[in-house]
Amino acid sequence: MSGGTLHQLFEDRVRNGQDRTAVITDRVRLSYGQLDARANRLARHLTESARLPAGGLVAIRTLRKPDVLVAVLAVLKAGGAYTIVAPDVREPRGVADALAVISHRVHLGRVEGRGDRPLVLLDADAAAVERHPDGPLDAAVGERAAVLFTAGTTGPPKAVPVSHQRLLAAHEGWSGVYLLTPDDRVLVTARPRAAGFALGCLRALCSGATVVLTAGETYTVADTDPWTASSLLTGAHRPAALRLLAVGGERLRLDEHVRLERLLPPGSRLIGVYGPAEVAGCGTWFETGQLPGPVTDPERHVYLGQPFPGCGVRIRKGQIWLTPPGGGDAVATGDLGRRDGDGPLEFRGRMADRVKVDGRTVDTYRVEAELAAHPGIRDSVVGASGRRLIAYLVPEPGSLPGKTTVRSHLTGAVPRADIPETVVTVPALPRNEAGKVDRRALVRPPGQARSRASAGKGGGGGADPAGLQAVGGVVAFVAAVMSFTATDVLWPGSTDLSIVPDPWAWFFRGLYVAEGLAFAAGAGFLIAGRRPMMARGGSWGLTTAAHLAVVYLLASWWPQDNLYRLAAKQDWERQAALVYVFNVPLMIAAGIVAVWAVRLPRAVPGKAPGSARE
């Protein structure tokens, strides 16, 4: 049935213009006909090698953008359901029933294989795939079309099955807002592992538009996140032909929305898009024309707007529930909101972001909204560590608000107990692949585990890291010199090798050098090691114990081995003393380090999402 699924809608576009450009990357340009032919061949290969049943799941485990797009279309054409999993992560729950895996040879060592499902390598198996006919398939289609993953900002990403019906209904909803035409060139900046990549590409292709996967090309529509949107509009190559900027992922404050609007070319539109994976990314959309009038303090407000055509919004006990495109049971988003009549939906925080301090639940969004009103603060996140509230601030250029400034600004605006006790300034907030702030990377401020007084001095806190490293290096050098020159002074005869024949004597000399270097490393780590360990987060007490344990594991080898070499085998008193002074503490130290390592919060690099290039 033509147009009954997204891939059939894509095939309609192919028939209407095979020679039209479908995809542009840094190195590849594919027409609609070429993209369709590649997908058809791969689809036939899947049906033969995997005996793919209707709705059978196929895991796409590569990050090469054109190949991911071909693979998504091929899986849909073969009647299966696709899911995209980065090759550098373990296979998550939710894809255990995948009947086949698509990847590249370079990922072979990281992609987990099983004997009961085929592994299709797009480069190694290229000749076999090319032998298949490139004509359209007539495969049976199951209910499931994809397994998408949530952003994972509050826990492990959750697998969400999405039906063909929901994807098609989402496309109809998008069409009524995006108004894409075959003349559009749509820049998609999401990385392949993010759900928005495939959805954004399919949205464009099923409208007959050209998908642009490199910022070096001209484009009329940009499908992106707030950080990348700002970069595109303030960079050296501002998009002169842009008519629509669609921003998803992290939510835009109203003042940020207005700022981006002012950077757009005349006549362009800016819409904020809101929708979790459960509704296939199609929930609500916002542009400033939806507001009934001017808004006081726009930095304190985040609007999610009106539902897409075919979708619905309800507020239940303050929580936002979305009716998926095409109907179905309402989905709890975990976000809080309010709506006045038929006006735009306003975001009021996320339930999972609230924290408990001393038995009290703190509404961190309220505090963050007040911090956003400070002219010296560009962005902020409020979290908790133990019994302390911590404010992580991204300052405006030339500004460095400290603890005193922050507490003064918040006094009277939020409950006194909700005012953060510690302030940390950071150059940027860590974000995940969807462009959302990942709060789990901000569990504890770098180097500020106990230094509360220093928190008000611009959030830097503690000694300068470079200075600590320099002091640690000097201490390590002095310790190395001491270990190499004072061994025979402290333990006369412990390094005597006069009765050891060559070449075995050289092995022992190497051991003595290693002991001295280990002692030097332990001494240096005592000075410079604790700060980077604290920066990784976790309990102050456990991290301190782990720091001292590492120092002991390194430094103790020098005195331990020298004392052992001077102890007679039958000197049970000395042997027992050595065991309990050195060996048992070494075991305890190793156990402490092991506990610290496994209890660390998952650290996510504080980098912004990638650009359009992959």
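Here's what I pulled together on the structure shown here.

Calculation notes
- By convention here, each chain's residues receive numbers from 1 onward along its written sequence.
- Totals for whole chains, interfaces and linings use every residue, but because this is a predicted model, local features are given only for residues with pLDDT of at least 70 and side-chain atom pairs only at 80 or more, for both listing and counting.
- Side-chain numbers come from the whole structure's heavy atoms, not from hydrogens or water.
- Summary of the burial criterion: residues with accessible area below 20% of their type's maximum are buried, those above 50% are exposed, and those between are partly exposed, where the area comes from a 1.4 Å probe applied to protein chains only.
- Secondary structure elements are defined from DSSP: runs of H or I of at least 4 residues count as helices, runs of E of at least 2 residues count as strands, and each element is numbered from the N terminus.
- We call a crossover right-handed when, viewed with the strands running away from us, the connection from the first strand over the helix to the second turns clockwise.
- Angles here are taken between N-to-C directions and fall from 0 to 180 degrees, while the axes themselves are lines fitted to C-alpha atoms, restricted in helices to the stretch in contact.
- Oblique is the label for any angle not covered by the other classes, which are roughly parallel (under 35 degrees), roughly antiparallel (over 145) and roughly perpendicular (65 to 115).
- Crossings are assigned a handedness: left-handed for a near helix turned anticlockwise from the far helix by less than a right angle, right-handed for a clockwise turn.
- By definition in these notes, contact holds between two residues if any of their heavy atoms fall within 4.5 Å.
- Side-chain classes are defined by residue name, with Ala, Val, Leu, Ile, Met, Phe, Trp, Tyr, Cys and Pro counting as nonpolar, Asp, Glu, Lys and Arg as charged, and the others, Gly among them, as polar.
- Within this scheme a cavity is a closed region of a 1 Å grid, computed over the protein atoms alone, that accommodates a 1.4 Å probe without allowing it to escape, whereas a pocket is open but has protein on both sides within 12 Å along at least five of seven lines; lining residues each have an atom within 4 Å of a point.
- Grid points are joined across faces, edges and corners, and a volume is the space filled by probe spheres set on the points.
- For this document, the term salt bridge refers to a Lys or Arg side-chain nitrogen within 4 Å of an Asp or Glu carboxyl oxygen.
- Strand pairing requires that DSSP identify at least two bridges connecting the strands.

## Here we look at the pairing of strand S24 (residues 422-425)
Residues Thr422 and Val424 line one face of S24 and the alternating positions Val423 and Thr425 line the opposite face, and both faces are buried. After leaving strand S23 (residues 388-395), the chain enters helix H10 (residues 403-410) and then returns to the sheet as S24, a path that is right-handed.

## Examining the packing of helix H7 (residues 226-234) against helix H8 (residues 254-263)
Where H7 contacts H8, the axes come no closer than 10 Å and their chain directions differ by 30°. When the interaxial angle is binned, H7 and H8 end up roughly parallel. The chirality of how H7 crosses H8 is left-handed. Residues Ala229, Ser230, Leu233 and Thr234 of H7 form the contact with H8, whose participating residues are Arg259, Leu260 and Leu263. By residue class, the composition of the contact of H7 with H8 is 4 nonpolar, 2 polar and 1 charged.

## A look at empty space enclosed by the protein
Counted according to the given criterion, the structure contains 2 cavities of 30 Å³ or more. Within this model, the largest cavity holds a volume of roughly 120 Å³. The wall of the largest cavity is formed by 15 residues, among which Arg251, Leu252, Gly272, Val273 and Tyr303 lie closest to the centre. At the level of secondary structure, the elements contributing two or more residues to the lining of the largest cavity comprise H8, strand S13 (269-274), strand S14 (284-286) and strand S15 (302-307). Top element by residues in the lining of the largest cavity is S13. It accounts for 3 residues. Grouping the amino acids of the lining of the largest cavity by side-chain chemistry returns 8 nonpolar, 4 polar and 3 charged.

## Considerations on the pattern of salt bridges
Following the criterion strictly, the structure yields 27 salt bridges and no others. Two residues, aspartate 12 and arginine 15, come together in a salt bridge whose shortest N-O distance is 2.3 Å. Here arginine 15 and aspartate 12 lie together in helix H1 (residues 6-16), a separation of 3 residues that amounts to about one turn. According to the relative accessible area criterion, aspartate 12 is buried, its value standing at 18%. For glutamate 130, the salt bridge identified is with arginine 41, shortest N-O distance 3.9 Å. Of this pair, glutamate 130 sits in helix H4 (residues 126-130) while arginine 41 is found in helix H2 (residues 32-49), placing the two residues 89 residues apart along the sequence. Each of Asp297, Glu299, Arg300 and Glu370 takes part in a single network of salt bridges with overlapping partners.

## Structural notes on the sheet that holds strand S22 (residues 377-385)
Taken in spatial order, the 3 strands make up an open sheet running S22-S23-S24, and their pairing is mixed. The strands lining the two open edges of the sheet, one partner per strand, are S22 and S24. Averaged over all adjacent pairs, the angle separating strand axes in this sheet is 25°, with direction ignored. The pairing of S22 with S23 spans 8 bridges and is antiparallel. What sits directly across from glycine 383, in S23, is isoleucine 390. Contacting S22 and S23, helix H9 (residues 364-372) runs over the sheet at an angle of about 150° to S22.

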